[in-house]
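# Coordinate inspection notes
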Amino acid sequence: MKRGAALWPVAVGVGWRQPHYREVMAGGVLDLDFLEVHTEDFLAPGGASRQLLLEAARRFPVSLHGVGLGLGSAVGIDPRHLQRVRALVDAVQPALVSEHAGFTRARHHHGTAHVHAPLPIPFSPRGLSLLASQVDAVQQGLGRRILIENLGTCLAWDEDAIGEPDFFNALAARTGCGLLLDLNSVFVRSLNRGLNDEAALRAGMAWLDGMTPATVGQYHVSGHARTAGLVLDDHGGAVSEPVWSLYRHALTRIGARPTLIEWDHALPALPVLCKEVARARREQTLLDRQLIAPPPPRPSSRLAPSRPMLRRTARASLTTASTAVFPGESHRSSRRDGRGLPDQQSGLVAALLAAPGVDAASLAPVGLRALSGIVGGLARVLRQYQAHASGQAERTLAAAYPRLRDRVEADEPGSFASLAWACWRRHPPAQGDLGEWGEALIALLAGAEADGLPPLWTALARIEWQFHRVERVADPRPDLDSLVLLGRLPASAVRLVLADHVVWHGGDAHAPKALLDLASDAFGQGPHAALMVWREGWGGRAMALDGVTTRWFESLRAGLDLERALLNVGAAFDFSAWLSMAVARGWLARVETV
């Protein structure tokens, strides 16, 4: 199936996660119809992850499943994030694009915090109005229809006045979007309302009976975890039998749709996932899966915009988020406490970012509650969200700072997790791409040096962040033809432009040992004064520079013409040797006239 092709309704795929990247791409026969990936894992404009996804898209249809847009966020959609999603969609041409029916962004202190977990919006007229306006904006911005997924959250709002099926049917009717039905979420929410398995299954079937079949574009099936008095929609195990029963009911009541086996952590071997795929196909076979017709067509109520409209559409969503309302309703009014959705969402985010020892439930907005069957109520649910965020912070920073993590754990076992959680709370992510979060750890470490934190940790963090950054920048495309200018024009008329992925680090009294440890090579004869980091292939490389070479790089980055740059470093600098190495290793972007 070629890239960008539609999926047949009986298609069954798996969520493609990092432990299975190599195995899936190794070749051989895999009985999978498509791969679904988390959109935010591949937003970097270049590097290994983007190339990996493009190669996968040549072998399998791909579905992009996001959480970063935060469609229910009262502060609006982040225009930059929408632009980056559009770029990824254009590059990959996915079969499906989906997002969650929740909010992720809210005002926090003097900026915006992104919690990277979809939080519930009220099932009310104003919640529907907000979500519909921003689904419209995203579909306009992406130039295509998207699917919206129901949440498995443990929270609810007192103002909920519209049943979930009616809410999602109305959303689809207003915007022309499709719906992604997470059957495990439907079942888990019923369990967390205090129902037993049998009653929860009946409630889930009734929920599906309320859906308009033509709006449904995809199913997710997954596992969940049960603890005393709380069921977690954690996607961390095999699909349970009640969820398979819901799937059979959905096939009968709604019809076959592309189905995803969603398993996000505690991942098993790939053959185990393929067994789940085979189970979904057996369920379809009961309905003669090869003869199932595609779902009835639905004319889109929105036209795809031209590319120049993208930025204007995204920017407009920031204002429509607070102005699109039902008659008689206002985002700035609340049935409970007179506060609008922006304030309520900010209050929930503030509760999730509460300092250790603070009762998060006491900070939560009025009108927010836990589902009725959860033992421990709102306080327990918020603690669960905090535990999830803490683990996410640790995994994110460990990926960006692997050497620092090892050093911290060697010096003070268990400290890295505490550092990560402190960084998340004090400097929460502002973007939907977690790969852009983490630089604040450097300042956090530097500020703690007075309390005895080793200065080497800060120096190592600065270097590792540069490795992380250069591995994500757009793939370099050097203009080597421009080198002819060096022979045609005087040195005062040209300048050398370094590639964006070339950075250097120096001037830290505690850095020399770290610099020497990380450098695989050196340039210059004098004592090492800086460490240059660049991307070579898909990985970061490091080279130690002496003082003369450091001044040379600084001169080029300052935009000096070639003559002044050479005067800056003196006759001892070997320009020919440097130029040869710069071309070979991709440091030079181009030569241009002054």
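Criteria and thresholds
- Residues numbered from 1 in each chain as written.
- Predicted model: local features only at pLDDT ≥ 70, side-chain atom pairs only at ≥ 80, totals over all residues.
- Heavy atoms only, no water.
- Pairing = 2+ DSSP bridges.
- Helix = DSSP H or I, 4+ residues; strand = E, 2+ residues; numbered from the N terminus.
- Axes fitted to C-alpha atoms, helices over the stretch in contact; angles between N-to-C directions.
- Core = buried A, V, L, I, M, F, W, Y, C linked by side-chain atoms within 4.5 Å.
- Buried < 20%, exposed > 50% of the residue type's maximum accessible area, 1.4 Å probe, protein only.
- Contact = heavy atoms within 4.5 Å.
- pLDDT = per-residue confidence, 0-100.
- Expected span 1.5 Å × (residues − 1).
- Parallel < 35°, antiparallel > 145°, perpendicular 65-115°, else oblique.
- Left-handed = near helix turned anticlockwise from the far one by under 90°.
- Salt bridge = Lys/Arg side-chain N within 4 Å of Asp/Glu carboxyl O.
- Phe/Tyr/Trp six-rings, centres within 6.5 Å; stacked < 30°, edge-to-face > 60°.
- Lys NZ or Arg CZ within 6 Å of the ring centre and 35° of its normal.

Our focus in this paragraph is the sheet that holds strand E2 (residues 34-38). The parallel closed barrel is built from eight strands, whose spatial order is E1-E2-E3-E4-E7-E9-E10-E13. Strand after strand, the sheet turns through a mean of 25 degrees between neighbouring axes, direction not considered. Across three bridges, strand E7 (residues 147-149) lies against strand E9 (residues 178-182) in parallel orientation. Each residue of the ladder has a partner; that of Leu 147, found in E9, is Gly 178.

Leu 181 and Leu 404 are the most contacted members of the largest nonpolar core, which totals 137 residues. Ranked by residue count, the leading element in this core is helix H13 (residues 377-400), at nine residues. Apart from the residues within four sequence positions on either side, Leu 404 is in contact with Phe 416, Leu 441, Leu 445, Trp 457, Leu 460, Ala 461 and Glu 464. Grouped together as the second largest cluster of nonpolar side chains are 29 residues, Leu 485, Val 569, Phe 575 and Trp 578 included.

So, on to the confidence of the model for the protein chain. Per-residue confidence for the protein chain averages 89 on the pLDDT scale, and 88% of its residues sit at or above 70. Overall, residues 299-338 carries pLDDT values under 50, and its contacts beyond four positions in sequence, including any with other chains, amount to 80 contacts.

What follows covers helix H2 (residues 48-59). The terminal C-alpha atoms of H2 lie 17 Å apart, and with twelve residues this matches the ideal 16 Å at 1.5 Å per residue to within 8%. When we look at burial in H2, the residues that qualify are Arg 50, Leu 52, Leu 53, Leu 54, Ala 56 and Ala 57.

At a closest axis distance of 9 Å, the pairing of helix H3 (residues 79-92) and helix H4 (residues 125-142) adopts a crossing angle of 45 degrees. Looking at the two axes, H3 sits oblique to H4. The chirality of how H3 crosses H4 is right-handed. Across the interface between the two elements, Leu 82, Val 85 and Arg 86 of H3 pack against Ala 137, Val 138, Gly 141 and Leu 142 of H4.

For the coordinates displayed, the defined rule picks out 27 salt bridges. Between Arg 369 and Asp 158 there is a salt bridge, and its shortest N-O distance comes to 3.0 Å. With Arg 369 in strand E14 (residues 368-370) and Asp 158 in the loop between strand E8 (155-157) and helix H5 (164-175), this pair connects stretches of sequence that are 211 residues apart. Among the residues examined, Arg 369 registers a relative accessible area of 34% and is labelled partly exposed.

On to the environment of Leu 232, then. Here Leu 232 lies in strand E12 (residues 230-232). Residue Leu 232 is classed as buried on the basis of its relative accessible area, which comes to 18%. Along the primary structure Leu 232 and Leu 191 are separated by 41 residues, whereas in three dimensions their C-alpha atoms are 9.8 Å apart. Apart from the residues lying within four places of it in its own chain, the contact partners of Leu 232 are His 224, Ala 225 and Gln 384.

Take the packing of aromatic side chains next. Counted according to the given criterion, the structure contains 18 aromatic pairs. With centroids separated by 5.8 Å and ring planes inclined at 90 degrees, the aromatic side chains of Tyr 219 and Tyr 247 adopt a geometry described as edge-to-face. Of this pair, Tyr 219 sits in strand E10 (residues 216-222) while Tyr 247 sits in helix H8 (residues 241-253), and the two are 28 residues apart along the sequence. Side by side, Tyr 219 and Tyr 247 carry an identical accessibility label, which is buried. Cluster of aromatic residues (ring-pair linked, three or more members): Phe 523, Trp 534, Trp 552, Phe 553, Phe 573, Phe 575, Trp 578 and Trp 587. It is Arg 403 that lies over the ring of Phe 467; its NZ or CZ is 4.8 Å from the centre.

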